[in-house]
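Observations on the three-dimensional arrangement
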Amino acid sequence: MKNDLLVFIETNPDGTAKNAGLELLNPGRDLARDQGGILSAFIIGYNTEPAVKSAAMYGANTIYVVDGPEYQQYTTDAYVNAAYRLIEEVMPATVLIGATANGRDMAPRISCRLKTGLTADCTNLAIDPDTKKVIWTRPAFGGNLMANILCPDHLPQIGTVRPGVFKKLPPDSENTAQVIPKDIHVAPEAIRTEVLELIQEAAGELVDLEGAEIIVSGGRGVGSGENFSIIRELAEVLGATVGASRAAVDADWISHSHQVGQTGKTVGPKLYIACGISGAIQHVAGMSSSKTIVAINKDPEAPIFHVADYGIVGDLNVIVPVLTEEIRKLKA
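Residues numbered from 1 in each chain as written. Predicted model: local features only at pLDDT ≥ 70, side-chain atom pairs only at ≥ 80, totals over all residues. Heavy atoms only, no water.

**Observations concerning the packing of helix 5 (residues 228-238) against helix 9 (residues 316-331)**
Formally: Angles run from 0 to 180 degrees between N-to-C directions of axes, and those axes are lines fitted to C-alpha atoms, restricted for helices to the stretch in contact. The secondary structure listing takes helices from DSSP runs of H or I that are at least 4 residues long and strands from runs of E that are at least 2 residues long, numbered from the N terminus. The labels follow the angle: roughly parallel below 35 degrees, roughly antiparallel above 145, roughly perpendicular from 65 to 115, and oblique for the rest. Each crossing gets its handedness from the near helix: less than a right angle anticlockwise from the far helix is left-handed, clockwise is right-handed. Throughout, a contact is declared for two residues whenever any of their heavy atoms are within 4.5 Å. In this count, Pro and Cys sit with the nonpolar residues alongside Ala, Val, Leu, Ile, Met, Phe, Trp and Tyr, while Asp, Glu, Lys and Arg are called charged and the others, Gly among them, polar.
In contact at an axis separation of 9 Å, helix 5 and helix 9 are set at 20° when each is read in the N-to-C sense. When the axis of helix 5 is compared with that of helix 9, the two are roughly parallel. The handedness of the crossing between helix 5 and helix 9 comes out as left-handed. Of the residues in helix 9, those in contact with Ile230, Glu233, Leu234, Val237 and Leu238 of helix 5 are Leu316, Asn317, Val320, Pro321, Leu323, Thr324, Ile327, Arg328 and Lys331. Looking at the contact of helix 5 with helix 9 residue by residue, the classes come out as nine nonpolar, two polar and three charged.

**Re the confidence of the model for the protein chain**
What counts, and what does not: The pLDDT value tells you how sure the predictor is about a given residue, anywhere from 0 up to 100.
Counting all residues, the mean pLDDT for the protein chain is 92, and 96% of those residues have values of 70 or more. Mean pLDDT across the elements of the protein chain ranges from a minimum in strand 8 (residues 145-149), with 86, to a maximum in strand 3 (residues 62-67), with 98.

**Observations regarding helix 1 (residues 19-35)**
Since the α-helix advances by 3.6 residues per turn, residues separated by three or four positions end up pointing in the same direction. Threshold: One less than the number of residues in a helix, times 1.5 Å, gives the span that helix is expected to have. To get the bend at a residue, fit one axis to the 7 residues ending there and another to the 7 starting there, then take the angle between the axes. Burial here depends on accessible area, computed with a 1.4 Å probe over protein chains only, as a share of the maximum for the residue type. Under 20% is buried, over 50% is exposed, and the range in between is partly exposed.
With 17 residues, helix 1 should reach 24 Å at 1.5 Å per residue; the first-to-last C-alpha distance of 24 Å fits that figure. Maximal helix bending in helix 1 amounts to about 35°, located at Pro27. The element helix 1 is largely enclosed, with a buried count of 12 among its 17 residues. Buried within helix 1 are the following residues: Ala20, Gly21, Leu22, Glu23, Leu24, Leu25, Asn26, Pro27, Gly28, Leu31, Ala32 and Gln35.

Written out as structure tokens, the structure reads:
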């Protein structure tokens, strides 16, 4: 058993790396150092050269690569088998996996095979100075408190981490990593599912909250689904993505694919504009890492103002259209 930390770099069908894994190389570097090990990554996919280059550029010291046509599309059987065999061979102290749809599917199966624990959907990571174990922090009891969890008796420690919680390290094209190919393959008959089609759109539109640099979100204070048009108009002039609170989604004003928060997406854009959102802890947990937060709310006591960098107290139905028009003028 080594003190190394291993990060899963999830890939797209074209062999490029997804942001979720690259983001984890940032906290992984500090955790590996504090554990007394090195930062490694493992990649599963097909024609993975682009992902390998990205993993090296964003900080991995060692990169294990499992490459084969059976890994071009994610399937539970192929990926779990490959990941389990690789982790069992390398046997690091800690494994970080992005809490994407695929990561959430894969991680518990790997932990069961390794007979170790799994802490899911983490929002913060640290090292206990006494035990050198990872302190996994995640929302608990409906997001009303944050729980610190340790896995003291079994290794490796495994956790999934919400995408968008951590930022990628600055890219370093000069960073060199040791690339170690692993000849791990899965027979076709061992893969019990087949991907027939990938559907990228939800509710008729593509929603990429996690990759957005600007997000304009609406909450209960928007008032109705029809009123979301003013949120969309502001987003359009800013080149932003439309987000929403759980209250707006539960009211069927907008689809769940737009939801930000504990039960939605965790985001960290350069600019987050919260319109008519009170600031419940469940929502704040999903957007508090944004670089700049602007809140518009008619309630001066709304909790959202405690996390906002700039606050506007007033009726969003008046303020947002004016703001949209002024931005149009500036752009013209």
